[in-house]
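Here are the chains, one letter per residue:
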Amino acid sequence: MDAILLHGLIAVESAPALKLPSAPGRAVARTYPGAPQEAASIELQPLSRTPKPNKSASTSRINLASTSSSGHLPKSRTETTIFSVGPELEEQSRPGTPKADSVNDDSANIDGVEAMQSIMEPYMNRWRLLAMCLISLSNGMSDSAPGALIPSIEEYYNIGYAIVSLIFVGNALGFIAGAFFVDAIRERLGRAKTLAVGQGLISLGYIPMIATAPYPAIVVSFFFVGFGMSINLAMGNVFCGSLSNSTTALSMMHGSYGIGGTVGPLLATAMVTVFEVVWSRYYAVSLGLAVLGACRDTQQHLGSSAGGSGGQSGSTAVPKRDWRADVTAMVSALSNRVVLLGALFIFAYQGAEVSISGWVNTFLMDSRHVHDGSVGYVTAGFWGGITLGRFLLAPPAHRIGEKLFVVIVVVGACAFQLVVWLVPNLIGNAVAVAIVGLLLGPVYPCAAAVFMRNISKQKQVSGMGVISAFGSSGGAAAPFTTGLLAQAVGTFVLHPIVIGLFVVMMICWYGLPNKPKRSE
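It should be emphasised that the depicted structure is a prediction, and the values quoted were computed from it without experimental measurement.

1. Quick notes on the overall build of the protein chain
When its secondary structure is counted, the protein chain shows 19 helices and five strands. Counting the 520 residues in the protein chain, one finds 49% classified as buried. Sequence separation of at least 24 residues holds for 83% of the intrachain contacts in the protein chain that already meet a minimum separation of 6. By element, 65% of the accessible surface of the protein chain is carried by carbon and sulfur atoms, the whole surface being about 25,200 Å².

2. Description of helix 13 (residues 376-392)
Taking 1.5 Å as the rise per residue, helix 13 with 17 residues should run 24 Å; its terminal C-alpha atoms sit 25 Å apart, in good agreement. Across the 17 residues that make up helix 13, a large majority, 12, are buried. If you check which residues of helix 13 are buried, you get Gly 376, Val 378, Thr 379, Ala 380, Phe 382, Trp 383, Gly 384, Gly 385, Ile 386, Thr 387, Gly 389 and Arg 390. Where the residues of helix 13 are buried, they touch helix 3 (124-157), helix 8 (246-274), helix 12 (337-367), helix 14 (394-400), helix 16 (426-440) and helix 17 (443-454).

3. Notes on the pattern of salt bridges
Tallied over the full model, the rule gives four salt bridges. Arg 390 is the salt-bridge partner of Glu 353, the closest N and O atoms lying 3.7 Å from each other. In this pair, Glu 353 sits in helix 12 while Arg 390 sits in helix 13, placing the two residues 37 residues apart along the sequence. Exposure class is identical for Glu 353 and Arg 390. Each is buried. By sharing partners, the salt bridges in this structure join Asp 183, Arg 186 and Glu 187 into a single network.

4. Some points on the packing of helix 13 against helix 16
Direction vectors running N to C along helix 13 and helix 16 enclose 30°, while the axes themselves pass 6 Å from each other. Comparing the axis directions of helix 13 and helix 16 gives the class roughly parallel. When you trace helix 13 past helix 16, the crossing you get is right-handed. Each of Val 378, Gly 381, Phe 382, Gly 385, Ile 386, Leu 388 and Gly 389 in helix 13 lies in contact with helix 16, whose residues at this interface are Ala 430, Val 433, Ala 434, Val 436, Gly 437 and Leu 438.

5. What about unusual backbone geometry?
For the bond running from Glu 121 to Pro 122, omega is -5°, close enough to zero to count as cis. By the element assignment, Pro 122 lies in the loop between strand 5 (113-114) and helix 3. Although it is not a glycine, Asn 158 sits at a positive phi angle of roughly 60°. Residue placement: Asn 158 occurs in the loop between helix 3 and helix 4 (161-164). For Asn 158, a relative accessible area of 71% translates into the label exposed.

6. Let's talk about the packing of helix 5 (residues 166-189) against helix 7 (residues 215-241)
Two elements in contact, helix 5 and helix 7, have axes whose closest approach is 6 Å; the angle formed by their N-to-C orientations is 40°. In this view, helix 5 runs oblique relative to helix 7, as classed from their interaxial angle. Of the two elements, helix 5 crosses helix 7, and the hand of that crossing is right-handed. For the contact of helix 5 with helix 7, a count of residues per class yields 21 nonpolar, six polar and one charged.

7. Considerations on the UniProt feature "transmembrane region" (unreviewed entry) in the protein chain
Per the UniProt record, "transmembrane region" (unreviewed entry) is found at residues 159-182, 338-360, 375-393, 405-424, 430-452, 464-486 and 492-512. End C-alpha atoms of residues 159-182 are separated by 34 Å, and the span's content is 88% helix alongside 0% strand. Taken as a whole, residues 405-424 contains 90% helix and 0% strand, while its terminal C-alpha atoms sit 30 Å from one another.

8. Topic: the environment of Ser 357
For Ser 357, the position within the fold is in helix 12. Residue classification places Ser 357 among the buried positions, given a relative accessible area of 3%. Residues Ser 357 and Thr 379 lie 22 residues apart in sequence; the distance between their C-alpha atoms is 5.8 Å. Dropping the residues within four chain positions of it, Ser 357 is found in contact with Ser 144, Gly 147, Thr 379, Phe 382 and Trp 383. Reaching out from Ser 357, the side chain makes a polar contact with the side chain of Trp 383 at a distance of 2.8 Å.

9. Notes on the packing of aromatic side chains
Enumeration over the complete set of coordinates arrives at 16 aromatic pairs. For the ring pair Phe 345 and Trp 509, a centre distance of 5.0 Å and an interplane angle of 35° mean the geometry is tilted. In this pair, Phe 345 sits in helix 12 while Trp 509 sits in helix 19 (residues 494-511), placing the two residues 164 residues apart along the sequence. Grouping residues by exposure puts Phe 345 and Trp 509 together as buried. Three or more aromatic residues joined by ring pairs form one cluster here, namely Tyr 156, Tyr 157, Tyr 206, Tyr 215, Phe 222, Trp 279, Tyr 282 and Tyr 283. Taking NZ or CZ as reference, Lys 403 lies 5.2 Å from the ring centre of Trp 509, over its face.

10. Focus: the nonpolar core
If you look at the biggest cluster of nonpolar residues, it comprises 116 residues, and the most contacted ones within it are Ile 218, Tyr 283, Phe 345, Phe 451 and Phe 502. Here this core takes 16 residues from helix 12, the largest share from any one element. Setting aside chain neighbours within four positions, we find Phe 451 in contact with Val 338, Gly 342, Phe 345, Ile 346, Met 464, Ile 467 and Leu 512.

11. Points about the environment of Ile 386
Summarising the element assignment, Ile 386 is placed in helix 13. Here the alpha-carbon distance between Ile 386 and Gly 261, two residues 125 residues apart in the chain, equals 8.4 Å. If we ignore the near neighbours within four places in the chain, the residues touching Ile 386 are Gly 258, Glu 353, Gly 437, Leu 438 and Gly 441.

12. Examining the side chain of Thr 379
Mapped onto the elements, Thr 379 comes out in helix 13. Apart from residues lying up to four places away in sequence, Thr 379 is in contact with Ser 144, Pro 265, Ser 357, Val 360 and Asn 361.

13. So, helix 6 (residues 191-210)
Its 20 residues give helix 6 an end-to-end C-alpha distance of 29 Å, which sits within 8% of 28 Å, the value for a rise of 1.5 Å per residue. Within two residues after helix 6, Thr 212 carries a phi angle of roughly 50°, on the positive side.

14. Comments concerning a nonpolar patch on the surface
On the surface, Met 252, Ile 259, Val 263, Leu 388, Phe 391 and Leu 392 cluster together into a nonpolar patch covering about 500 Å² of accessible area. Taken together, the elements giving at least two residues each to the nonpolar patch come down to helix 8 and helix 13. Mapped onto the fold, Val 263 is located in helix 8. Using a relative accessible area of 38% as the deciding quantity, one classes Val 263 as partly exposed.

What counts and what doesn't
Within every chain, residues take consecutive numbers counted from 1 along the sequence as written. Reporting of local features is limited, given that this is a predicted model, to residues whose pLDDT is at least 70; pairs of side-chain atoms are given and counted only at 80 or more, and all residues count toward the totals for whole chains, interfaces and linings. Side-chain figures throughout are based on the complete set of non-hydrogen atoms in the structure, without hydrogens or water. Only runs of H or I of at least four residues qualify as helices and only runs of E of at least two qualify as strands under DSSP, and these elements are numbered from the N terminus. For every residue, the accessible area (1.4 Å probe, protein chains only) is compared with the maximum for its type, and the residue is labelled buried under 20%, exposed over 50%, or partly exposed between those bounds. Two residues qualify as a contact provided that any one of their heavy atoms is within 4.5 Å of a heavy atom in the partner residue. To measure how exposed things are, a 1.4 Å probe is used in the Shrake-Rupley method; for residues, cover is taken only from the protein chains shown. To estimate how far a helix should reach, multiply one less than its number of residues by 1.5 Å. When a carboxyl oxygen of Asp or Glu lies within 4 Å of a side-chain nitrogen of Lys or Arg, that pair is called a salt bridge. Axis geometry follows a simple rule: fit a line to the C-alpha atoms, using only the stretch in contact for helices, then measure angles between N-to-C directions, giving values from 0 to 180 degrees. Geometric relationships in this document are graded by angle, where less than 35 degrees denotes roughly parallel, more than 145 denotes roughly antiparallel, 65 to 115 denotes roughly perpendicular, and other angles denote oblique. For any pair of crossing helices, the crossing counts as left-handed if the nearer helix is rotated counterclockwise from the farther one by less than a right angle, and right-handed if it is rotated clockwise. In this classification, Asp, Glu, Lys and Arg are treated as charged, Ala, Val, Leu, Ile, Met, Phe, Trp, Tyr, Cys and Pro as nonpolar, and every other residue, Gly included, as polar. UniProt positions are given in the numbering used here, feature names are shortened, and annotations may be inferred rather than shown by experiment. Polar contact criterion, stated in full: a pair of N or O atoms within 3.5 Å, where within protein one must be able to donate a hydrogen and the other to accept it, and residues adjacent in sequence count only if both atoms are side-chain atoms. By convention, a stacked pair of Phe, Tyr or Trp rings (six-membered ring in the case of Trp) has centres within 6.5 Å and planes under 30 degrees apart, an edge-to-face pair has planes over 60 apart, and any other such pair is tilted. A ring has a charge above it when a Lys NZ or an Arg CZ is no more than 6 Å from the ring centre and no more than 35 degrees off the ring normal. Working definition of a nonpolar core: buried Ala, Val, Leu, Ile, Met, Phe, Trp, Tyr and Cys residues. They are joined through side-chain atoms within 4.5 Å. Patch rule: a residue counts if its relative accessible area is over 30% and it has no salt bridge; like charges are joined within 9 Å, and nonpolar side chains (Val, Leu, Ile, Met, Phe, Trp, Tyr) within 5 Å.

Structure, rendered in structure tokens:
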């Protein structure tokens, strides 16, 4: 009785149900005690406020079996719920299909990991490598010629060893300047246009040489040539070093440089001695190759590559960078242990290479009393050995391991350099010089492959630019020092300088880490 009176005084009402956002899911049968037995239908409105007219909503109907309750409880109702799914939700529930234009043949991601490219895949990499080999061929012809042309340059300008060595200094300063600006140029222009800028600067430097300008202008011309070569070398090392078979790609690229280094002294010696042409006319051939490299469709071949970013199109707006950011990037790269040791290693390597190429002819003329122009072919033998070494010794280096292989060949090169110094036989010296070139040939590709594996992807361009700049500075400091000392005490100083540089190479190589090579 009290309960009935209390029920009349107080009306108990259930709170309104919370309206939750609808979502597709499994239908679950719910029983409501005391509800009528007839089935009730609840229809959910489509999620889309403005459904597309060309697509109809798909509706799925679920019938639930009737159940009855036992005892004094009233029978429960069976609920039939109709879920109406709008077209937008239907599209969202489907797995996405990749668009055709989003598929790029230059990169592939497998399980979120970027797949490494190779020389053969994608197909365009073959043309990119061919373009870099052509550029390296031209660079080799330019770098190897001074060794055969130095006697003619001294005679034409009536200068000595110390003054003629300034061409190496000008070339080195250009390389160093190029290393500081290569990353900034790449950020603004992209890889293809950066390569075109490098070839344009090289072509600009050859024009005063062909015109046989005054000697100070010749030194400045070598600066522009070195600047352009620094750009091309850094971009080529990054591209080839980022491939899965990087040792082979780098060997092909630098082997082409060796071919140019072999052809250069042969052609320069023939033009000066056989055809009696002024020394400067040789660079007309180099100018032709540089223009050919600049006019190639570099945007198609080298617009993008496996190694990092940089393939921006010309229409892409790139934010301007402050020069302090470029200096910071260079300092940051120098703070890296691999970059620092690699820079010192290449400094010593290229210093030894350029010193042998530039001064071995003069040493043979003074010490072996050979005064005809045929001694210029010894330099061609040296570069021929470098070429064969880069092509033939790269596969054994890959199998043995770059770290151990470089130690073996540098020790052998040091031994044959002693033969050139101590054995007074012209033919024996020429053969020994060629063997030194053969052993030194694979050193640079092997070293570049080790550097690329141990430098982070973000610092590869700036790091390789620093390494290239130090290499060029070594290619200037060593031959310039050799020229100064040769003027004072004699050309025999070439050999202790070269052997000392070999020792520096071994010390730096020992300190480099040996990161395992990534194969996929």
